[in-house]
Amino acid sequence: MDTPPLTRKRRRPAFSCSECRSRKVKCDRVKPCCGQCSSLGLSASCTYEENQRVRPSDPASIGAGSPIELASTATHPPKRTRMEGIVSKTRVFGNGHWMNTFSLVKEISNSGLPFIGESYWNFSPVFSDPPSGRLAETIRECKTLARDIKAHRPSRKCLPSGILNSLPERSVIDELVRMYFDTFESCYGIFCHDSFMVEYAASMNSPESTDDPFVLSTLLIATVAGPMCANDDTRRQIAINARGWIDIAQTWLSAPLEKNRLTIQAVQIHCLMLLSRQVNQIGADLVWISAGSLLRMGMQVGLHQDPDLLGEMRFQDRELRRRLWYTILEMNVQAAIDAGMLPMVTEDDYNTKAPGDREPSEGQMHDSGENASNSSTVSFQSLLAKSLPLRFRIAKTINSMREEPTYEQVLDLGNELSSTCSEVARGISQVKLTTSFPGSFCSHLIGRFSLCLHCRYAIRAKINPLYSHAQRVCLDTSLDLVTALDDPLYSQILRQGAGMFRDLITRGAFVIFLELSSNHQTDTSIFAKKRHRARLEPLLQDARRLVQYSRDRVSYGDMNVKTYVCLSMMMAEAEARLHNLAVKEAVETAMQQSLDVCREILQEMASSSGNNPSPEFETAGNDQILTPGFDMNLESDFDGLFDLDLSDFNLPMQWSNSEAPGGVER
């Protein structure tokens, strides 16, 4: 017998959004985004269908279970080639995911399995009416039981009690939020300013009703902006709580098998957490690993696909998704440089367009995608985005473990990067800013790639003049980075931060001291010596600033005292050579004096850390915020530091920590 054709029952008009229908929840039908989707961060999937009794002629032509794609197909023809794969709730799946199998249901129903096809049509929230009767009651009971089971999981519990009590007073939080948006948000676009401030005002007026993600965002913003606070007591109190707040955010993000954490809010928290870890020297050396998790989270929620391919959404939401994706890319390429690893992403892995150069205010948002040209919030992300493909190539070239880059490769990449740096400098100079922090931060994010790219051959220039161009580039870049210490706010981050904020006392400082060690004739006239000293005086001033900067970092919690000791010894050697003094004695004296300084600083920190009040919330790893751990063996830890003669050495292209000149370690 022939199989009777599969008949479809007629659909009643759908007034709820597709996302609420798929989750079987009540929809308030607010457009363009209903209250349910807005509260869950599902603005991208909140779409409405035309109330027409139509169904797609070929369900295989769209992603199964994908209300976004259905809505865009049924109401508006796509402006661009549609995305391959499907969108389900907050996640994006490629064709390798099992859900795409159901897009073949029509073929299954026509090939001798009609009952499977019929079941699929009945249960699909997109193509059929919701189940009714006993079937519907059984489904509801199953979902209720599943929710009750998940609610008892440890990862579903609320944030630790008393965490809101650990926040500073309202005026302090207001200032920290303002400071954050005036500084880091210019290059790391994590939030929409106006939307955030609306939710922030509501949360401050009613903190008990604030959802957990926004509480975490506020806490992390405080940890990022805290070091720039002018009040010493406030800065100290935030530093005490910072580790605990970061641990709580990490625990919340790392909850096992929690798919409800795959949201835009979770991505924002992850970005803030990585930034805060670098600013507060908490696991900054491992940020590259965490940045990889952030990259995959961003891809899973579809940030690597341009919002124009994901259906209808507000202009504000489209821009936020683009800014978040380029923030993720920026954090990955910066972390790759710090870790000496590959960025793990290429230009072929995404098609998201670069964000605009200004963040439009709430009143300037238009669904048509147009925004007014005037905006109070400046974003340098568009400048940074243009150079991302180039910087990906540079990071891959620098950190390749297969072969050493040739000097020709370095020169070609360096010329491209030089043009980019010039364009960034022009862009920064054309913007009137209330603080110099955004310009300093943007210049640092770009300029450090020049230093990393040319550093190998800059060192070789000591024995081979053919590489003198690399030496000049490194020296100019290092001096540019030193000028960042003139910025009152950014210098605070440089003193306290880790990761990328240590460039000045690693590569930059070494290049400057290398220049100071240049050979000069000792038997020349006294006038020639004076001219030589006059030429070096500006460089000596910068070198002294770097030594003081490294000392300040110890005061701000940097436990690697070797850096300050090494720079002090290099400074002593440079001064001794210029004054024709005994180099070895000067270096030995500088070593002992700098060690005494470090010991005094750490002793004071050790005594004061025991007097700090404990936070009012419990979290692992928060009992010792400033534990020194100062146990130094001079013979092993400083082996070889006395031999700091930079005027005559032949360095290999690759160093181990023990082979690094002066014993300097990252």
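Residue positions are counted from 1 within each chain, in the order its sequence is given. Given that this is a predicted model, residues contribute local features only at a pLDDT of at least 70 and side-chain atom pairs are listed and counted only at 80 or more, while totals for whole chains, interfaces and linings are drawn from all residues. As a convention, hydrogens and water are excluded, and side-chain values are obtained from all of the structure's heavy atoms.

### A look at the packing of helix H20 (residues 507–516) against helix H21 (residues 526–555)
So the rule is basically this: Fitted lines through C-alpha atoms serve as axes, helices being fitted only where they are in contact, and the angles separating the N-to-C directions of these axes extend from 0 to 180 degrees. Working definition: helices are DSSP H or I runs of at least four residues, strands are E runs of at least two. Numbering for both runs from the N terminus. By convention, the crossing between two helices is left-handed when the near helix turns anticlockwise from the far helix through less than a right angle, and right-handed when the turn is clockwise. In this description, contact between two residues means that some pair of their heavy atoms is separated by no more than 4.5 Å. When residues are grouped by polarity, Ala, Val, Leu, Ile, Met, Phe, Trp, Tyr, Cys and Pro land in nonpolar, Asp, Glu, Lys and Arg in charged, and all others, Gly among them, in polar.
Where H20 contacts H21, the two axes come as close as 10 Å, and the packing angle between them is 145 degrees. When you trace H20 past H21, the crossing you get is left-handed. From H20, Ala509, Ile512, Phe513, Glu515 and Leu516 reach across to H21, where they touch Leu536, Leu539, Leu540, Ala543, Leu546 and Val547. Looking at the contact of H20 with H21 residue by residue, the classes come out as ten nonpolar, no polar and one charged.

### Some thoughts on the pattern of salt bridges
Using the following cut-off: By definition here, a salt bridge exists when the distance from a side-chain nitrogen of Lys or Arg to a carboxyl oxygen of Asp or Glu is within 4 Å. Relative accessibility under 20% of the residue-type maximum defines a buried residue, over 50% an exposed one, and the middle range a partly exposed one, all with a 1.4 Å probe and only protein chains included.
With the rule as written, the count across this model stands at 25 salt bridges. Here Arg323 makes a salt bridge to Glu185, at a shortest N to O gap of 3.5 Å. With a gap of 138 residues between them, Arg323 in helix H13 (residues 315–339) and Glu185 in the loop between helix H7 (170–182) and helix H8 (193–205) connect regions that are remote in the sequence. Residues Arg323 and Glu185 agree in their burial class; the two are buried. Here Glu404 makes a salt bridge to Arg460, at a shortest N to O gap of 3.7 Å. Remark: Arg460 occurs in helix H17 (residues 437–460) and Glu404 occurs in the loop between helix H15 (388–398) and helix H16 (407–429); sequence separation between them is 56 residues. Overall, the relative accessible area of 32% leaves Glu404 in the partly exposed class. Members of the salt-bridge network, linked through shared partners, are Asp306, Asp308, Arg318, Glu319, Arg322 and Lys353.

### Focus on the packing of aromatic side chains
Heads up, the condition is: Only the six-membered ring of Trp is used, alongside the rings of Phe and Tyr, when aromatic pairs are assigned; centres must lie within 6.5 Å, and planes under 30 degrees apart are stacked while those over 60 apart are edge-to-face, with the rest tilted.
Across all of its chains, the model carries 19 aromatic pairs by this definition. Centroid distance Phe196 to Phe214: 5.0 Å. Interplanar angle 35 degrees. Geometry classified as tilted. Here the residue Phe196 occupies a position in helix H8, and Phe214 occupies one in helix H9 (residues 212–225), the gap between them amounting to 18 residues. Taking the relative accessible area as the measure of exposure, Phe196 reaches 4% and is therefore buried. When its relative accessible area of 4% is taken as the criterion, Phe214 is described as buried. Aromatic side chains Tyr407 and Tyr467 sit 4.8 Å apart centroid to centroid with 70 degrees between the ring planes, which places their arrangement in the edge-to-face category.

### Topic: the confidence of the model for the chain
Test applied: A residue's pLDDT is the confidence the predictor assigns to it, expressed on a 0 to 100 scale.
When the pLDDT values of the chain are averaged, the result is 78; 71% of them are 70 or greater. For the chain, the element scoring lowest by mean pLDDT is helix H3 (residues 67–75), at 35; helix H11 (residues 264–279) scores highest, at 96. Of the regions scoring below 50 in pLDDT, residues 5–10 engages in eleven contacts with residues more than four places distant in sequence or in other chains. Confidence drops under a pLDDT of 50 for residues 619–666, and excluding neighbours within four residues, the segment shows 89 contacts in the predicted structure.

### Description of the nonpolar core
Worth spelling out the cut-off: Joining through side-chain atoms within 4.5 Å is the link that ties buried Ala, Val, Leu, Ile, Met, Phe, Trp, Tyr and Cys residues into a set, and such a set is a nonpolar core.
In this structure, Tyr180, Phe184, Val267, Leu329, Phe441 and Phe501 are the most contacted members of the largest nonpolar core, which totals 143 residues. Broken down by element, this core gets its largest block of residues, 13 residues, from H17. When sequence neighbours within four positions are dropped, the list of residues in contact with Phe184 reads Val224, Met228, Leu275, Val279, Phe437, Phe441, Ile493 and Phe501. Membership of the second largest hydrophobic core comes to nine residues, among which are Cys17, Cys20, Cys27 and Cys46.

### Brief notes about H7
Here is the rule: Expected span of a helix, by definition, is 1.5 Å for each gap between consecutive residues, and there is one gap fewer than residues.
Between the first and last C-alpha of H7 there are 18 Å, a value that for 13 residues agrees with the 18 Å anticipated at 1.5 Å per step. For H7, the full list of buried residues reads Val172, Ile173, Leu176, Val177, Met179, Tyr180 and Phe181.

### Some points on H17
Where we set the bar: Bend, in this description, refers to the angle at a residue between axes fitted to the seven residues ending there and the seven starting there.
Its 24 residues place the ends of H17 34 Å apart at the C-alpha level, agreeing with the 34 Å of an ideal helix rising 1.5 Å per residue. Along its length, H17 reaches its greatest deviation from straightness, about 50 degrees, at His454. Here H17 lies mainly inside the structure; 21 of its 24 residues are buried.

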